[in-house]
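Structural overview
Here is how the chains run, residue by residue.
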Amino acid sequence: MRYTLRQLEVFLACAHHENVSRAAESLSMSQSAASTALKEFEQQFELRLFERTGKRLRLNELGRQLWPRAEELLERAQELEQTLATHRELGSLKIGATLTIGNYLTASVMARYMEEQPGTQVQLEVANTAAIAERVLNFELDLGLIEGEINHPDLEIIPWRHDELVVFCAPNHPLASRKRLADKDLIGATWITRESGSGTRQTFERAMVGLLPQLHILLELQHTEAIKRAVEAGLGISCLSRVSLTDALKRGSLIELPVPDRDFHREFYFVLHRQKYRSAGIKRWMELCDSAG
């Protein structure tokens, strides 16, 4: 074999960081060692994988074609090493989840996964749908759990479970006693919503089609709990996943507002890179999610 796994590591680190110094630092190597490894890798096959502009490296077309194959090969090697070292089938995972899913649904799945494989680590990154999809595209996450719809030729979107949004207010809000809200009520209300780029905002805007330009949105917040606190304080009404409101609705600190003429149903999805190697760990994580859903 004319190349080494270390050369693949250097190639992938340079692809991620677009800089030899940062790539070397991420691999705990000297810059000269990383530069040599990358140079030898290219020279062995008489090719160039990057366009070089000053200190910045950018993958050329050949490099972009090689990237997912190198990722898969290295992950298979790492999985084999984990199996040999620990005698376990499942490895560590880097999971991305949107805020609703990450804050309210992943803890139980993570606990079951780690209970099955003591010592296994799961890194969980919580961000909005757009950010999670971008990190899956860049092979920075093994798997994403998202609540928004994404279309990209390199991403595989797999339906996971059903969800619905709920319009809600504080118990002392003027709309709290209403049996149903009509469009004029939605237009007349003051809203506190999730930020653009989030799956919740995407579903909200789809449900409110035809009314959006007329809605009074006072605040756009990134965090579900901050929105709930703002609504409890009487700053307006909002619309979030039922999953995130279960406890508050039971306590009565928030009141559900029926909006029968608008469709707030949606899906949660798994998102994977189409060329991502489906390790035993990824498959088991998805199985646990399905059983929990």
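Residues numbered from 1 in each chain as written. Predicted model: local features only at pLDDT ≥ 70, side-chain atom pairs only at ≥ 80, totals over all residues. Heavy atoms only, no water.

Focus on the side chain of Asp163
Mapped onto the elements, Asp163 comes out in strand S6 (residues 155-169). A distance of 3.0 Å separates a polar atom in the side chain of Asp163 from a polar atom in the side chain of Ser241. Side chain to side chain, Asp163 and Arg266 meet in a polar contact 2.8 Å long. Leave out the neighbours within four places in its chain, and Asp163 touches Ser241, Arg242, Val243, Phe264, His265, Arg266 and Phe268. (Helix = DSSP H or I, 4+ residues; strand = E, 2+ residues; numbered from the N terminus. Polar contact = N/O pair within 3.5 Å; in protein donor to acceptor, adjacent residues only side chain to side chain. Contact = heavy atoms within 4.5 Å.)

Section: the packing of aromatic side chains
Overall, the coordinates contain nine aromatic pairs when judged by the stated rule. The interplanar angle of 55° and the centroid separation of 5.4 Å between the aromatic rings of Trp67 and Phe139 together place this pair among those described as tilted. Here Trp67, found in helix H4 (residues 61-86), pairs with Phe139, found in the loop between helix H7 (129-137) and strand S5 (143-146); they are 72 residues apart in sequence, far enough to count as distant. A single burial state applies to Trp67 and to Phe139, both of which are buried. The interplanar angle of 40° and the centroid separation of 6.1 Å between the aromatic rings of Trp160 and Phe268 together place this pair among those described as tilted. Residue Trp160 is located in strand S6, and its partner Phe268 is located in strand S11 (residues 265-273); the two are separated by 108 residues in the primary sequence. Note on Trp160: relative accessible area 12%, which makes it buried. Given the relative accessible area of 0%, Phe268 is considered buried. (Phe/Tyr/Trp six-rings, centres within 6.5 Å; stacked < 30°, edge-to-face > 60°. Buried < 20%, exposed > 50% of the residue type's maximum accessible area, 1.4 Å probe, protein only.)

Looking at the environment of Leu74
Of note, Leu74 is situated in helix H4. Classification of Leu74 as buried rests on a relative accessible area of 10%. Counting along the chain gives 110 residues from Leu74 to Lys184, while the straight-line C-alpha distance between them is 57 Å. Filtering out sequence-adjacent residues up to four positions away, Leu74 remains in contact with Leu5, Glu9 and Leu12.

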